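Listed below are the residues making up each chain.
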Amino acid sequence: MQPSSPPERPSPGIVASPEVAGALRAGGPVVALESTLLAHGLPRPDNRTAADDIEAAVRRGGAVPATIAVLDGVPHVGLTAGQVDRVCADPDLAKLGVRDLPVALATGGSGATTVSSTALLAARAGIGVFATGGLGGVHRDAPFDESADLVALARTSLVVVCAGVKSILDVPATLERLETLSVTVVGYRTTTFPGFYVADSGSTVDWAVDGPAQAAAVFAARRRLTPGAVVVANPLPPDEELDRELHDQVIADALAAAHAAGVRGRAVTPFVLDHLHRASRGATLAVNVRLVLRNAELAGEIAAALAARSAHG
Ligand code: PSU
Ligand code: MN
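Summary of the structure given here. Along each chain, residues carry numbers from 1 onward, in the same order as the chain's sequence is written. Each chain gets a letter, beginning with A, and each ligand a number, beginning with 1, in the order they are written. In keeping with the predicted nature of the model, local features appear solely for residues at pLDDT of at least 70, side-chain atom pairs appear and are counted solely at 80 or more, and the whole-chain, interface and lining totals rest on all residues. Heavy atoms throughout the structure, all of them, feed into the side-chain values; hydrogens and water do not.

Concerning the site of ligand 1
1) Next: Neighbouring ligand 1 are 19 residues, the closest being Glu34, Lys95, Ser147, Lys166 and Thr269.
2) Next: The separation between an oxygen atom of ligand 1 and a polar side-chain atom of Lys95 is 2.7 Å.
3) Next: Nitrogen and oxygen atoms within 3.5 Å of one another constitute a polar contact, given that in protein one can donate a hydrogen and the other can accept it, and given that sequence-neighbouring residues count only through two side-chain atoms. Between ligand 1 and Thr269 there is a distance of 2.7 Å, counted from an oxygen atom to a side-chain nitrogen or oxygen.
4) Next: Considering ligand 1 on its own, with 480 Å² of exposed area, one finds that the protein chains cover 94% of that surface.
5) Next: Numbering of helices and strands runs from the N terminus, with a helix taken as a DSSP run of H or I at least four residues long and a strand as a DSSP run of E at least two residues long. Listed by contribution, the elements that provide at least two residues to the shell around ligand 1 are helix 2 (36-41) and helix 11 (268-279).
6) Next: Here the shell around ligand 1 takes 3 residues from helix 2, the largest share from any one element.
7) Next: Only Asp, Glu, Lys and Arg are considered charged, only Ala, Val, Leu, Ile, Met, Phe, Trp, Tyr, Cys and Pro nonpolar, and every remaining residue, Gly among them, polar. A per-class count over the shell around ligand 1 returns 4 nonpolar, 10 polar and 5 charged. Any residue with a heavy atom positioned within 4 Å of a molecule or strand is treated as near that molecule or strand. Areas reported here follow the Shrake-Rupley algorithm with a probe of radius 1.4 Å; residue values treat only the protein chains shown as occluding.

Points about the packing of helix 9 (residues 212-225) against helix 12 (residues 283-311)
1) Next: With axes taken as lines fitted to C-alpha atoms, and helix axes fitted only over the stretch in contact, angles between N-to-C directions fall between 0 and 180 degrees. Taken N-terminus to C-terminus, the directions of helix 9 and helix 12 make an angle of 60°; their axes are 8 Å apart at the nearest point. In terms of orientation, helix 9 lies oblique with respect to helix 12. As helix 9 packs across helix 12, the resulting crossing turns out to be right-handed. In this structure, helix 9 contributes Pro212, Ala213, Ala215, Ala216, Ala217, Phe219, Ala220, Arg223 and Arg224 to the contact, and helix 12 contributes Leu298, Glu301, Ile302, Ala305, Leu306 and Arg309.
2) Next: For the contact of helix 9 with helix 12, a count of residues per class yields 11 nonpolar, no polar and 4 charged. When describing relative orientation, an angle under 35 degrees is termed roughly parallel and one over 145 degrees roughly antiparallel, while 65 to 115 degrees is termed roughly perpendicular and anything else oblique. If you view the pair so one helix is near and one far, a crossing is left-handed when the near helix is turned anticlockwise from the far one by less than a right angle, and right-handed when it is turned clockwise. Residue contacts are counted whenever heavy atoms from the two residues lie within 4.5 Å of one another.

So, in structure tokens, the structure goes:
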């Protein structure tokens, strides 16, 4: 008799923490969190405090947090405190998109995962909801740079809660690409598409959901139809946003500095975010952390709604 052929894509050796594994086995609510925003998006040592606060926000929402990173060639879903220390402290930690994962896994490498690779590993682990700050997207003007986040979300089935896309990007062009890629985009209680640090990007979306249960219902419907993500865009309340004038000015400065320094590829986003945090004397940092906390809590609520749906068949 022929031995049965191995599955096309065997498990990539994901290690889930005991708490995350237990929650997934029980069909309980779990929210994936990325590590690039910790390692490359927020400065040390504030990133370490933020890591704990983000996990606490997921728990407030009613779910188990699962921060994801690759450590010594192993994709971890749910990190120990020591592993979070490492992600937040190591200045040489790589930034891993989907295309980088095979190399890190095969060579025993370590790195923080972006939206694209976090979404992939989360979905492979059986997690349905993911919280981040802002998605990557189409960068402004040439040379052309477009985040792998967009294509990854077209292929990966999960809910992504974010404050839109980072406002350092070309927001209308990014929304066009999300449309081309058939990624479902809904606003959370609004059709105003958020602009990350600011509540209104100037663009709108066609649909809004009225709460966590409806977001879960949209995802359940998408999952029955076709693979791919449901992006839930959750704006900051206007009284918590970054001052508009400061926003436009520091972003223009940061993009000019990146251009002048010849920064390219995956270094662009971390360079620009770092420049913003310095130029605004921490104002962008405070807003960035605040919006991630709000997204994490909402993601917890959506994960709880999703788990309740599955429990009721
Ligand atoms: N959200 C934040 N800060 C970040 C990011 C998201 O609040 O630093 C990260 C995410 O990991 C996202 C990445 O995938 O920025 C996009 O990088 P790039 O533009 O190089 O694809
Ligand atoms: Mn890029």
